[in-house]
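# Per-entry structural report
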Amino acid sequence: KIDTEYDGGPVFPVTITGLVHASGANTAAILNSTTGPAAVDPDLLVGKGNILILQNDANLSQCPPASGVYCSHNDDEDGGMLSFLFNVPVVPTSIVLIDFDAGDPTSYVILIDTNGLKRQYTVPHDWTGDQIEDGPPGYGTLDLTTLPNQPGFNSTATAFEQVGFNPNAIIKIDVILGGSAAVDDLVWCQ
């Protein structure tokens, strides 16, 4: 589970937190999408190494107890929010979205600049497909530098921004997951 590994320190100048819709618990966790374990949710095995999920809040037991390792990794079907808070303004360029399949509600990626102005990407269901049901890859890269529509597996992501939004001074990114899904490879420059 993610607790203090990404807490805005000098090594990783970003604080990562997660919030599950059902309980409000911070269940942000890392899952190895290449080797698992993902017996409960094999659609996360997309071969991208470590990915970020919201652990299902119905199964927070740790093995061994208090180890910080969930016994059974499974992304929460109720969705929630993963937040990235940066120590200094950054310029985000892309993020990989995983398992945004036909069964999931719409999700959002929101960039917030130093003045509180926002750019929002709306990512509808089936943007990446499901690597088990639809075949690989089961993920897609969302370009965070542009506003035009971005076609995905079977739907199209759209974007809009508030007047005066500064894409070169982002201090927070919220990824609001409508259902079970994961993220990876958030790329930014300082």
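Right above here is the structure, for reference.
The paragraphs below set out a description of the structure included in this document. (Residues numbered from 1 in each chain as written. Predicted model: local features only at pLDDT ≥ 70, side-chain atom pairs only at ≥ 80, totals over all residues. Heavy atoms only, no water.)

## Focus on the overall build of the protein chain
The test is simple: Helix numbering and strand numbering both begin at the N terminus, where a helix is a DSSP run of H or I of at least 4 residues and a strand a DSSP run of E of at least 2. Note on method: radius of gyration uses C-alpha positions; expected globular size equals 2.2 Å times residues raised to 0.38. For each residue, the accessible area found with a 1.4 Å probe, counting protein chains only, is set against the maximum for its type, and the residue is called buried under 20%, exposed over 50%, and partly exposed in between. With residues, only the protein chains shown are counted as cover, and all accessible areas are computed by Shrake-Rupley using a 1.4 Å probe. By the counting scheme adopted, Arg and Lys are positive, Glu and Asp are negative, and His together with the chain ends is not counted. Taken as the charge location is NZ of Lys, CZ of Arg, CG of Asp or CD of Glu.
Looking only at helices and strands, the protein chain has zero helices and eleven strands in total. In sequence order, the protein chain lays out its α and β elements as β-β-β-β-β-β-β-β-β-β-β. Scaling as 2.2 N^0.38, a compact globule of 190 residues should have a C-alpha radius of gyration of about 16 Å, and the protein chain matches this with 16 Å. The burial tally for the protein chain puts 47% of its 190 residues in the buried class. Surface exposure of the protein chain reaches about 8400 Å², of which carbon and sulfur atoms provide 55%. Averaged over its 5 positive side-chain charges, the protein chain has a centre that lies 11 Å from the centre of its 23 negative ones.

## A look at the pairing of strand β10 (residues 170-177)
This is how it is decided: The pairing criterion for strands is at least two bridges between them, as found by DSSP.
Note that strand β4 (residues 80-98) and β10 share seven bridges and pair antiparallel. Looking across to β10, one finds that S83 is bridged to D174. Summarising the sheet, strand β5 (residues 107-113) and β10 pair through six bridges and their orientation is antiparallel. Residue pairing in the sheet places Y108 in a bridge with I176 of β10.

## Let's talk about the pattern of salt bridges
Where charged atoms of side chains with opposite charge meet at close range, the side chains can pair. Short version of the rule: Salt bridge, as used here: a side-chain nitrogen of Lys or Arg that lies within 4 Å of a carboxyl oxygen of Asp or Glu.
Applying the stated criterion across every chain, the model contains three salt bridges. E161 is the partner of R119 in a salt bridge, and the nearest nitrogen-oxygen pair spans 2.7 Å. Placement of R119 in strand β6 (residues 118-123) and of E161 in strand β9 (residues 156-161) is noted, with a sequence separation of 42 residues between them. Note on R119: relative accessible area 4%, which makes it buried. Among the salt bridges present, the one from K172 reaches D174, with a minimum N-O distance of 3.7 Å. The buried category is assigned to D174, whose relative accessible area is 8%.

## Quick look at the packing of aromatic side chains
Operational definition: Pairs were defined over the aromatic rings of Phe, Tyr and Trp, the Trp ring being its six-membered one, requiring ring centres within 6.5 Å. Orientation was assigned from the angle between planes: stacked under 30 degrees, edge-to-face over 60, tilted for the rest.
On inspection of all chains with the given rule, the structure shows two aromatic pairs. When the ring of Y6 is compared with that of F12, the centres are 4.9 Å apart and the planes differ by 50 degrees; the resulting orientation is tilted. Residue class for F12 comes out partly exposed when judged on its relative accessible area of 42%. Relative to W188, the ring of F86 lies with its centre 4.9 Å away and its plane at 65 degrees, an arrangement referred to as edge-to-face. Highlighted residues: F86 in strand β4 and W188 in strand β11 (residues 182-189), separated in sequence by 102 residues.

## Quick look at the nonpolar core
For clarity, the cut-off: Each nonpolar core is a collection of buried residues, namely Ala, Val, Leu, Ile, Met, Phe, Trp, Tyr and Cys, held together in the definition by side-chain atoms within 4.5 Å. Two residues form a contact once any of their heavy atoms are found within 4.5 Å.
If you look at the biggest cluster of nonpolar residues, it comprises 30 residues, and the most contacted ones within it are L82, F84, L97, V109, L142, I173 and V175. Element by element, the count of residues in this core is highest for β4, at six residues. Setting aside chain neighbours within four positions, we find F84 in contact with V14, T15, I16, L52, I171, K172, I173, V175, V183 and L186.

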